[in-house]
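# Overview (structure and organization)
Here is what each chain is made of, one letter per residue.
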Amino acid sequence: MGLTGRNAVRLAAVAAECRRRGAEVETAELDVREAGALADWLTGLDVRAPIGTLIASAGVSAGVAPGQLGEGAELATLQVASNLIGAINTVEPVLPLMLQRGYGRIALISSLAGLRGLPYSPGYSASKAGVRAYGEALRTLCGPAGVRVTVACPGFFDTPMTDRWHGPTPFLSSVEKTARGLQAAVDKGRPRWGFPWPLILGMKLGDLGPTWITDPIFRGFHFNIERP
């Protein structure tokens, strides 16, 4: 098993828990925006132990500060670079290897915000919509070659990122329950996975409905996210 992350302490803690459960773990303290270093590590890892399942889950969030009408180019770009470009940087070095073997499973972590842009987190919404579109395209393209892609659009689950969210968190799930749900979806090769269904339905209706109705509704859900 290979694990990457930017926070050395958290990375070591997760690795220790995986080893406690019997896994052999290699770790690398990497930023997914560093395409070359990430690609070198992933391809080296694949040589030592062929990667059968790849989960691209790294991400950051920001948002519009109270009293402002935009989050600024720097924060918006950071989120797109980490969430979308970082996911691409994670998948692309491994994808040709999976295609050559005719087998592999990839999970891309989008968000409910990828189904319909949220007015107070435009950069995050854009990045997750991009992840969703990228994953849908890869699944359609690579499925016949034996590589299954699961696009995950989860709602709220209990993480430090959620702790920075100041607003309603309906149907909040534990990180353990969320991880089990994702694992089951990937193991079964499900093309799409997400929760909870009432919010998924609401986001999809918000995307399909007339904007003169849906925009005021979404604008009315006030929240803000502490800056990273």
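Notes on the structure follow. (Residues numbered from 1 in each chain as written. Predicted model: local features only at pLDDT ≥ 70, side-chain atom pairs only at ≥ 80, totals over all residues. Heavy atoms only, no water.)

### Describing the overall build of the chain
Scanning the chain from N- to C-terminus turns up 9 helices and 8 strands. By the compact-globule yardstick of 17 Å for 228 residues, the chain fits well, its C-alpha radius of gyration being 18 Å. Dimensions of the chain, computed from C-alpha atoms along their principal axes, come out at roughly 55 × 40 × 30 Å. Taken over 228 residues, the chain has a buried fraction of 44%. In the chain, the share of contacts with a sequence separation of at least 24, taken over all contacts with a separation of at least 6, comes to 69%. Surface summary for the chain: the accessible area is close to 12,200 Å², and the carbon and sulfur share equals 60%. (Helix = DSSP H or I, 4+ residues; strand = E, 2+ residues; numbered from the N terminus. Rg over C-alpha atoms; globule rule 2.2 N^0.38 Å. Buried < 20%, exposed > 50% of the residue type's maximum accessible area, 1.4 Å probe, protein only. Contact = heavy atoms within 4.5 Å. Areas by Shrake-Rupley, 256 points an atom, 1.4 Å probe, with all protein chains shown as cover.)

### Details of the pattern of salt bridges
One pass over the full model with this rule turns up 9 salt bridges. Between Arg21 and Glu17 there is a salt bridge, and its shortest N-O distance comes to 2.8 Å. Among the residues examined, Arg21 registers a relative accessible area of 66% and is labelled exposed. The exposure class assigned to Glu17 is partly exposed, which follows from its relative accessible area of 30%. A salt bridge links Arg139 to Glu136, with the nearest nitrogen and oxygen atoms 2.3 Å apart. Taken as a pair, Arg139 and Glu136 lie in helix H5 (residues 122-142) at a separation of 3 residues, close to a single helical turn. Of the two residues, Arg139 and Glu136, both sit in the buried class. Ionic contacts of the salt-bridge type, sharing partners, join the residues Arg6, Asp31 and Arg33 into one network. (Salt bridge = Lys/Arg side-chain N within 4 Å of Asp/Glu carboxyl O.)

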